[in-house]
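Summary of the model geometry
Residues per chain are reported as follows:
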Amino acid sequence: MTTKHQFCTFYVDDLFLGINVQQVQEVIRYQEMTRVPLAPVAIRGLINLRGQIVTAIDLRCWLGMPLRDPQELPMNVIVHDGSNAVSLLVDRIGDVIEVNDELFESPPSTVRANVRGLIQGAYKLSDQLLLLLDTGRALAECDSRSAQNGRLAS
Amino acid sequence: MEMVDDIVKEFLVESYESLDQLDKDLMALEDAPDDKSRLSSVFRTIHTIKGTSGFLAYPNLEHLAHVGENLLVLLRDGALRLNAEIATALLAMVDAVRSILSRIESAGTEGDETYEGLIATLERLKNREPAAKPAVPALAAPQKIEIDVEQVVRELSLEVQAAVTCSPADCKLAAQSVGKPRARAKSKPKTKPPASSMPSNSTHSELKTQIENHFEATLKLEADSHSETTFADSAAVAIEAAAHDDHAVSPKKALAITESRAGADGGSASAEGGDKSGSVTDSSVRIDVQLLDKLMNLVGELVLARNQIMQFSGSIEDAAMSAASQRLNLITTELQAGVMKTRMQPIKNAWAKLPRVVRDLSISCGKKIQVVMEGEDTELDKTILEAIKDPLTHIVRNSVDHGIESSDVRVKNGKSAEGTLWLRAYHEGGQVIIEIADDGGGINLDRVRQKAVEKGMVTVEQAAAMSDRESIQLILLPGFSTAAKVTNVSGRGVGMDVVKTNVEKIGGMLDIQSTMGKGTTLRIKIPLTLAIIPALIVTTASDRYAIPQVSLLELVRLEGEHVKKSIEYVHGAPVYRLRGKLLPLVDLSERLGVVPPNADMRQSFEDRIVNIVVLRANDRQYGLVVDKVNDTAEIVVKPLSRQLKGIGEYAGTTIMGDGSVALILDVMGLAIAAGLTGDVRDQPHANNGKDGSHSGEPTQTLLVVDLGDARRFALPTSMVARLEKVSGSVVEYTDGREVIQYRGEILPVVRLSNVFGAADSDSSHPEELQIIVYAEEDYSCGFAVNRIVDIVETELRLKTTRGEHDNLLGTTVIQERVTDVLNLRNLARHGTKDERLGASRR
């Protein structure tokens, strides 16, 4: 008996990434943001999400990719971890797909080190690989980095 | 089932409240054991608990309360006099009752604990005076709260009829007899919900209490013979209403009628009657705090919506619209004030248990301490009140255990045998100040330093170099305790740092002042409320920021020529002369790094209009330079997200009128980041550590120096013996080394700019040399630098990326600049080899 999971998928540069649907609160278009000086580069700003203030984190920064063209507006994937909500800025939104657990494999060791920590593994879809983003890890890492590098990264 | 739950809940809430009152009453009774009215109040409370617990089938609780009540009866009737032992036993009983109640609350049952020991003690105390009045058994007999209201009313009305028909003198007698059943009646504590929501049993008893209170009130009238008829009338009305109508006419209404009549003839009587029956509190309703919080949030959102509408209506010309938005504005403001008020509670709620704490502690420490409270009615937001309860207890425990000396020591030192602990609260400049002061021995700073060294918190050198103010701050470090032995009271060293953290968590500040032999004063400054605050909105680099108005002192605007004239520079740091005093200036855009840092700030001020926001951080002032001052606004404070907590410059976030997000500046954090005030640096802001807790990194005081190039260097001040400024002409040479005569010795001088290869040839013989004197036991050495920049306190997180250089301990970031930390010891011993300039052995 195999279990299936639903994933909300999106693209960051050429990476095809997914997050468990359960963790996703909503997906919204680009929002005006208030920048936060002194914060780590990845923190692009703060969004007013119907009265709730949400921090926007650029996945491109996290995954060590080149910054996107200022003309291209990112999409917001709002994920929540219990009490907090965070917006992940991605390039493009994909479908919600259902994936069989059998297809999962942990990331090959050749994946770049800075990315490997944030990717839980890959689902081998027929036409491409779906990388599973470890949101908990990403957010936790964000914490520690912001605490340390807050002053450097403005 | 829910009905029962509600009753239990009601019982619990009510009982907790009355237990707090009991603590207070019992302690007051210790001072004035003959205060009859207080005794009766204590008796009534216990009796009510007993009655209700019997009704709700909590036999253990009932039994305990019963035994306590028996003892109280003797006290009330004067057969026994309250002494410390009895008071202790009664207080222990109160505690036992409290713990049973909390078990009921958490588990739904009262548990198996029967408190036999306590009961035995209470019994023993009671039996010491065996000559109990015959009345006692009769009084103690009835145990159920159910009262046949009809019978009571019948009884009372008979007596009232008698009273009506006879003379005033007889009337008094009759009234006294009316009063008698009172002892048997189950009077309820003051606070009651509206009668209709109560189960009918309680209603009866309440009714009865109220009826009795009428008599008490109207009795006062009896002296005046003219009022005789009124008395009879009012009483009759009340009784009639009560007898014929259980619910249709509420007892309150009957009460009102009686009072209004009684009041017509004797105003004072009605007032007193009102007081005693608790009609004032009858008009209050209990509200779930969660509901209040929700209301508060909604009001917060409403305030934001109001702001948006106000902004919108300002941009269109429509009389009707602007009138409507004006009304909305007014109503919202009032609503906000109203909801805020519901959350405000007098600080005495947090203080209530402190006298008890002091009493118990002082007895166990063998000290005599009186507690003096001032400003008990100062109001605070409920959440803040909750947050300071524990810190207050900690501080009070500390004062009792460490602060106030035992009686004989006090007498020896020429003080009164009884120590005093003051609790003061007052408003000052939008903040609430809470002071906990004692007239004890004060903090022995030498011992503090010594302990800190013993525990390895600071080095000997650091300790020696510390000012008294700095030393006091040591007691706020985690794990610090000067208590010679660990008692069950304190001394485990988990006190003051927790206090500090808690206080800072709610945006407060903790300040300690102590005079040896005179006493210690702890001052907590906290904001009135956390939710909605007035703020000044400023713009810098086209971003808006909010500055809490609490810290705002004034605004200064400089234009054109004025800028050049009035902004001066102390060693490159801009200052403004504000009414003759120098005000250090901090450029917000530069501090936040939103414009490239200017090597010369002079340039940046030259061509623009300078807006200075004069702020207060702790006791110092500084001026924040912003691009534009927009407006003031009420903002709803929202906490920083987890990812941003580490940035000390921000206190929170808020949503502006147009729906965009703005950051709230942390006035203190900015001052710390700018390295502005000594006092502030002593108290690293709560946000500096992760989640406000201590990050475990010890903070170090560093001296920041400039060697003439772009690089910055720092060295621990603990390594510095002295700083000297000498003229370049005193440098002499021996064996190819530079030396100066210093305090009768020959001090070798090492130019750090040579060691680190700073291209600085033209200033190799400057007029003045800044010498950092370094001394160890057997040799000393002077290091010449170009400029002393600052002294900062920072958590030293060294990155040893350039570890190959022995003369550097590592690299860190100080005031947003990469700074190399010097290894002075190495420099003194070896660094000189490289340069053929020497640190010679003495």
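One can find the structure itself at the top, above this paragraph.
Residues numbered from 1 in each chain as written. Chains lettered and ligands numbered in written order. Predicted model: local features only at pLDDT ≥ 70, side-chain atom pairs only at ≥ 80, totals over all residues.

Now for the overall build of chain B. When you go through chain B residue by residue, the secondary structure sums to 31 helices and 29 strands. When burial is assessed residue by residue, chain B has 39% of its 842 residues classed as buried. A sequence separation of at least 24 residues applies to 66% of the contacts in chain B between residues at least 6 apart. (Helix = DSSP H or I, 4+ residues; strand = E, 2+ residues; numbered from the N terminus. Buried ≥ 20, exposed ≤ 12 C-beta atoms within 10 Å, placed from the backbone. Contact = placed C-beta atoms within 7 Å.)

Tallying the contact residues gives 23 residues for chain B and 23 residues for chain A. Of all the elements in the fold, those that place two or more residues in the side of chain B that touches chain A are β17 (650-655) and β18 (661-665) of chain B. For the side of chain B that touches chain A, the element with the most residues is β18(B), which contributes three residues. Grouping the constituent residues of the side of chain B that touches chain A by class yields nine nonpolar, seven polar and seven charged. (Nonpolar A, V, L, I, M, F, W, Y, C, P; charged D, E, K, R; others polar.)

Phi at A:Asp13 takes a positive value of approximately 55°, unusual for a residue other than glycine. Following the sequence through the fold, A:Asp13 ends up in the loop between β1 (4-12) and β2 (15-20). Judged by local crowding, A:Asp13 falls into the partly exposed class, with 13 C-beta atoms found within 10 Å. Here B:Ser542, not a glycine, exhibits a phi torsion of approximately 60°, which is positive. With respect to the helices and strands, the residue B:Ser542 is situated in the loop between β8 (532-540) and β9 (543-548). Residue classification places B:Ser542 among the exposed residues on the basis of 10 C-beta atoms within 10 Å.

Before going further, it helps to spend a moment on the packing of helix α3 (residues 59-76) of chain B against helix α4 (residues 84-107) of chain B. All names here are of chain B. Viewed as axis vectors pointing N to C, α3 and α4 meet at an angle of 165°, and their least axial separation amounts to 10 Å. With respect to α4, the axis of α3 lies roughly antiparallel. The handedness of the crossing between α3 and α4 comes out as left-handed. The residues of α4 that touch α3, namely those facing Asn60, Leu61, Leu64, Ala65 and Gly68, are Leu90, Met93, Ala96, Val97 and Ile100. Looking at the contact of α3 with α4 residue by residue, the classes come out as eight nonpolar, two polar and no charged. (Axes fitted to C-alpha atoms, helices over the stretch in contact; angles between N-to-C directions. Parallel < 35°, antiparallel > 145°, perpendicular 65-115°, else oblique. Left-handed = near helix turned anticlockwise from the far one by under 90°.)

Here we take up helix α18 (residues 354-365) of chain B. Here α18(B) spans 16 Å end to end across 12 residues, near enough to the 16 Å set by a 1.5 Å rise per residue. Positive backbone phi, at 70°, marks B:Gly366, one or two positions downstream of α18(B). (Expected span 1.5 Å × (residues − 1).)

Before going further, it helps to examine the environment of B:Lys565. Residue and element names in this part refer to chain B. Looking at the secondary structure, you find Lys565 in helix α25 (residues 561-566). The class of Lys565 is exposed, set by 10 C-beta atoms lying within 10 Å. The spatial distance from the C-alpha of Lys565 to the C-alpha of Tyr576 is 9.6 Å, given a sequence separation of 11 residues.

Let us look at the environment of B:Lys725. Residue and element names in this part refer to chain B. Mapped onto the elements of the fold, Lys725 is located in strand β21 (residues 720-727). In the structure, Lys725 is positioned 45 residues away from Gln770 in sequence and 4.7 Å away in space, judged by C-alpha atoms. In this structure, Lys725 is in contact with Glu768 and Gln770, ignoring residues within four places of it in sequence.

This part covers the pairing of strand β4 (residues 419-428) of chain B. Every regular strand shows the same layout, with side chains that alternate between the two sheet faces. Residues and elements named next belong to chain B. Sheet topology note: the strand β2 (residues 369-374)/β4 ladder contains six bridges and is parallel. What sits directly across from Ile369, in β4, is Gly419. Looking at chain direction, β4 and strand β5 (residues 431-438) are connected through eight bridges and run antiparallel. Bridged to Ala425 within β5 is Ile434. (Pairing = 2+ DSSP bridges.)

Attention now moves to the sheet that holds strand β24 (residues 745-751) of chain B. In a beta sheet, neighbouring strands are held together by backbone hydrogen bonds and run either parallel or antiparallel to one another. Residues and elements named next belong to chain B. If you trace the six strands from one edge of the open sheet to the other, you get β21-β25-β26-β24-β23-β22, paired in mixed fashion. Of all strands in the sheet, those with a lone pairing partner are β21 and β22 (732-734), marking the two edges. Taking each pair of neighbouring strands and ignoring which way they run, the sheet shows an average axis angle of 40°. Pairing analysis gives three bridges linking β24 to strand β26 (residues 780-785), with the strands arranged parallel. When the bridges of β26 are listed, Arg751 appears paired with Ala784.

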